[in-house]
Amino acid sequence: MTPLQDATPKPPQYPADLEASMVLPKQRASPASSLASLPYRRSNPSLQKLFESTASISGSRPSSGTATPTASVVPSSVFSQASTQNGTGTPGSLPPGVSDEHRNLIQRAFVPHVAVLADEATEAMLRGKGLEGGLLQLLRPFGELVPGKVTIRDSIGASKSHEDFGIRFVGVRDGLVPPTSAGRNSELRMDTVTGQGAGGRISSGVPRPQRTGGHVRQIEELVDRHLQYSEFNTHDMVPDYLNHKEAPSQSDTSSSPFHTLYLRRLLSGLPVVSHETFAHPVACVIAVSSRHPNPTEEIRKLYALQHDGALRMPQFVENDYLRYYVLVHDEETGDIAHSNQTFESMKRHFGFHCHLLRLKSQQCIPSDDDSVRLPICEWMSAAEELAEIQKRETTDDISDPTPYLPDSDITAIRTFVRELVVQSVVPNMERKVATWNEQVLARRRGLSGRFMSLSKRWTPFGSSRNSSSPTVGSSSNYDSIQEFYRPDAPEALMRKLADYCFMLRDFKLALSTYDILRTDFNNDKAWRHYAGAVEMAALSALLSTSPLSSKTRTENIDSWIEAAVYSYTDRQLKPTPYYALRTLALGLELLRLRGSSAADDAARWASRILETGIVGPVGHALFTERISTCYSIRTGIGSMNLGARRRKAAFWSVLAAETWLRLSKALQAERCLDTALRLYNFNTENASGAVKLPFPQMQAFIDDLRQQILGLRLEIRGFEEGDEGEGDAVQQSLMVEEATETLDKSPRAHRKSLIGAPPPPIDVGPLSPMLERGEGRRDDQFE
Amino acid sequence: MSYTFTILSPHDTPLFTHTFGTSRSSGTGTPAFTTADLALNPFIIHSALDIVEEVQWGPSSTSGSAPMYLKHIDKYQNNFISCWITGGNVRFLLLTRPRDEALGISAANPSSGSASSIYSTGSGAGSVRGSLAGGRAGLGGGAGMYNPTSPATEEAVKNFFVDVYESWVKTIMNPFFAVGHGDVVKSPVFRARVQAAAKKYL
């Protein structure tokens, strides 16, 4: 073997090796072959900004053990951090359950949805400001984090303040999936690409599926884009090398930023479905411009349109949610006295839930004095972000298309959002929770409620039921043909109650409600609803701060997760693997935070993800990596570290490195391999520095892997040195449009054409994750 | 059914490794591992040591004496690991890889990945009709699923381990064999005995 393959004890040695091997003439053998189909990638600064900002939001803070949520947008690029090798660090120094990153992520994913509906004049004014998406585009980024603390009273009257509360502004008909296809048809996909920037939401009754998440394939593709970007843009290792030296061996409990991105996109744009109410609107903002001659009348019109007109939500969504009326005042052309007057009359008409939003109508340019860039949405769906990336990749425009806003606008919007949340949305939800708790849940829980639920199963109690509650019919409330409960059925109300509690972070009440619902849905054989209730029961049990005995954990939560996954996938005609994946991924993250003994379970669920094949290749690699971090969080006892899982963690890291290599992601592979070596090294505790693996075969395998990674990196660099073809971007976009939505197990055909170098035949089958080693690449690149 | 048997020192150094196939039911005794499998096996065995340690120092399943035979302890995908631990903290690990039919996976199924290329040996896997360790006993259920905790499997593995343990004790009693220094076992007699035990029981 060549000296290249000396197992490196420290990552910094690595770039040096790379440089040394660069002089070998054979490595530049044929960049042209890989060049041909590689996407055109580097030259567009606005694109770069998009990648940077999205991924840096997605939380790769190198800090260890911070429990604060990531509110600030770190301006530095994530990809420089991605290549630093502090993936998991030494598990010995890692206090279990210290990084709350994923917990916060999950809490911030399930938040109240607020629909936005604006009249034509408002939309026109905002389009004039450069906001093609109108009011929704303007409000969306600001709803994600409500400034200041939000105090929420839970069901027992205790107040709790949350710094990171947010709401999600959505379009009126966002998140709706066509019921026939469960959101996996290809037209949807075409719409995603072509439906960019069509303004005037109000007139178009067609759903805009672009903002709907829940497509595992799209998430995969998006993360793959980010990964490719990082591969092709961090070829220059020197700054990372320096950075890395400054912060050596810092244990980083957070996962790779790509995994966080994956999770975030998994939880973005929750579809509006009947078995959970998270995406059902809690409130609706109806905005009218002050330019309109008769704003009150216009509001009535919009209300009617949305309440029972063309923009009505589907039947299973409760329609009588809060409406919030906004008068948009134009600071530059409008007359404030007149607007105030209108606003007063609005208040008289519609009551308390009104706001006067004062905006400037003129377009703002970056060079203006107090202009602020419109923040990028953290929680956009994968399809939306893909479309955005694509738009910027194909466009020739160098300038950043993100609109800029004057400072005063930003302040006005922030005030508006805070007022909306603190004074209207949250109190309204609290009130509803209290009402339902008293009227529905207490009755169900009490003696008569038990009889009621019994009477549904046993006819002898039929007589007592009729006297106790008139709302429950003799049969169940479940409409098994359309698969939903009517929104006023007690089950639907209880589900809503539980979801509200979950969104308001009252996990105790949520858990007990989900628990009741679980049995009800089970009796009704409403499997998807059952799965939803069980999933959320498991999540709320894991999210609640109370300590969890290992007995409850193994008895309840494990069986709940199991039941949820089974019911989501196998128990129904139209399986919903997206939800199964969500259950497993969230369950594993939360279990992992539960400390060492739960980490085994977390790893088990992660391998379940891999076995069931509900993720594509990127997800496969990410979750393989995740298993490693799950194991590595488990620390041992005593000087011998008994009960630790370092060998397992290292093993899975090696597997992850191998998987990444097969996906031609050299940086990721390298990071995993370094993690693995660090874990193995810690295990053997030798002072000499060099990692010595116990088995010679293992050593050979790792050396081989290392060499292949080097080869791959050189290949990528070889591409960088060549000239870039313009036509590739077009070709790429065409290719993406063709992509079908099917969730088949090996969507490898596209990948193969995306990445230039012919990847070795890959299999994701659970049987053999490893590939035959010693692929042809070695022969023509090395030795 | 393919096996990898490894003896590991207390410091995780492999002292002896033997890879073989089943000899039961017209098995030829040749393993049906692919090169990829063979590369992976050391990793699997090594990672199972974590579980070995946990079982070893954890609460004893039998009252009174701690057992030497720890039975089936770990599993990676379709590879099952059984363990025997000696008084000197030397670990015997047996990795069992049942043939695909015993797992309910048809070998012709292309979704099982490289399965098509695995069984180029032909006689290795396809014609093997169950071995005592799992195969025949498991077939009683009708499904033919391999079950690592079925009594017959455990018994067969145990018998194998007992035989190997006897040979092992005789080997380390050799005054010229420095067992404490992690000496690799090179004795052809020992290997032959392991082979015999494997042929007899697995």
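What you are looking at is a predicted structure, and each value in this text was computed from that prediction instead of being measured.

Peer 1: Can you break down the sheet that holds strand β1 (residues 113-118) of chain A residue by residue, with the values?
Peer 2: All names here are of chain A. In spatial order, the strands read β4-β1-β5-β6-β7; together these five strands make up an open sheet with parallel pairing. Edge positions in the sheet fall to β4 (168-171) and β7 (354-359), since each of these pairs with one other strand and no more. In this sheet, adjacent strand axes meet at a mean angle of 30° when their direction is disregarded. Bridge count between β1 and strand β5 (residues 281-289): six bridges; the pairing is parallel. From the neighbouring strand, Leu-117 faces β5, where its bridge partner is Ile-286. Sitting on the sheet, helix α15 (residues 407-445) touches β1, β4, β5, β6 (322-330) and β7, and the angle it makes with β7 is about 165°.

Peer 1: Before we move on, could you go through the side chain of A:Thr659 and cite the residues and values that matter?
Peer 2: For A:Thr659, the position within the fold is in helix α25 (residues 646-662). Here the side chain of A:Thr659 touches A:Leu655 through a polar contact of 2.6 Å, landing on its backbone oxygen.

Peer 1: An account of the confidence of the model for chain B is requested, with residue identities and associated values reported.
Peer 2: Where the model shows low pLDDT, its predicted coordinates should not be examined in detail. Summarising the model, chain B shows a mean pLDDT of 75, and 71% of its residues fall at 70 or more. Low confidence marks residues 106-143 of chain B, where pLDDT is under 50. Its contacts with residues over four positions away, or in another chain, come to 67 contacts.

Peer 1: Residues and numbers for the sheet that holds strand β2 (residues 14-21) of chain B, please.
Peer 2: All names here are of chain B. If you walk across this open sheet you meet the five strands as β2-β1-β5-β4-β3, and the pairing is antiparallel. The outermost strands of the open sheet, each flanked by one partner alone, are β2 and β3 (69-76). In this sheet, neighbouring strand axes are inclined to one another by 20° on average, regardless of whether the strands run parallel or antiparallel. As paired elements, strand β1 (residues 2-8) and β2 share seven bridges and run antiparallel to each other. In the strand pairing of β2, Thr-4 is matched with Thr-19.

Peer 1: Account for a negative patch on the surface, naming residues and giving values.
Peer 2: On the surface, a cluster of negative charge is contributed by A:Asp368, A:Asp369, A:Asp370 and A:Asp407. Note on placement: A:Asp368 falls in the loop between β7 and β8 (371-373).

Peer 1: Quick one: what's the story with unusual backbone geometry, residue by residue and with numbers?
Peer 2: What is expected of a backbone is that most residues other than glycine have negative phi and most peptide bonds are trans. Residue and element names in this part refer to chain B. Although it is not a glycine, Asp-12 adopts a positive phi angle of roughly 70°. Looking at the secondary structure, you find Asp-12 in the loop between β1 and β2. Since its relative accessible area comes to 7%, Asp-12 is described here as buried. Of note in the backbone geometry, Gln-77 takes a positive phi value of approximately 50° without being a glycine. Examined against the element boundaries, Gln-77 turns out to sit in the loop between β3 and β4 (79-85).

What counts, and at which threshold
- Residues numbered from 1 in each chain as written.
- Chains lettered and ligands numbered in written order.
- Predicted model: local features only at pLDDT ≥ 70, side-chain atom pairs only at ≥ 80, totals over all residues.
- Heavy atoms only, no water.
- Pairing = 2+ DSSP bridges.
- Helix = DSSP H or I, 4+ residues; strand = E, 2+ residues; numbered from the N terminus.
- Axes fitted to C-alpha atoms, helices over the stretch in contact; angles between N-to-C directions.
- Contact = heavy atoms within 4.5 Å.
- Polar contact = N/O pair within 3.5 Å; in protein donor to acceptor, adjacent residues only side chain to side chain.
- pLDDT = per-residue confidence, 0-100.
- Patch = residues over 30% accessible without salt bridge, like charges linked within 9 Å, V, L, I, M, F, W, Y side chains within 5 Å.
- Areas by Shrake-Rupley, 256 points an atom, 1.4 Å probe, with all protein chains shown as cover.
- Salt bridge = Lys/Arg side-chain N within 4 Å of Asp/Glu carboxyl O.
- Lys, Arg positive; Asp, Glu negative; His and termini not counted.
- Charge placed at Lys NZ, Arg CZ, Asp CG, Glu CD.
- Buried < 20%, exposed > 50% of the residue type's maximum accessible area, 1.4 Å probe, protein only.

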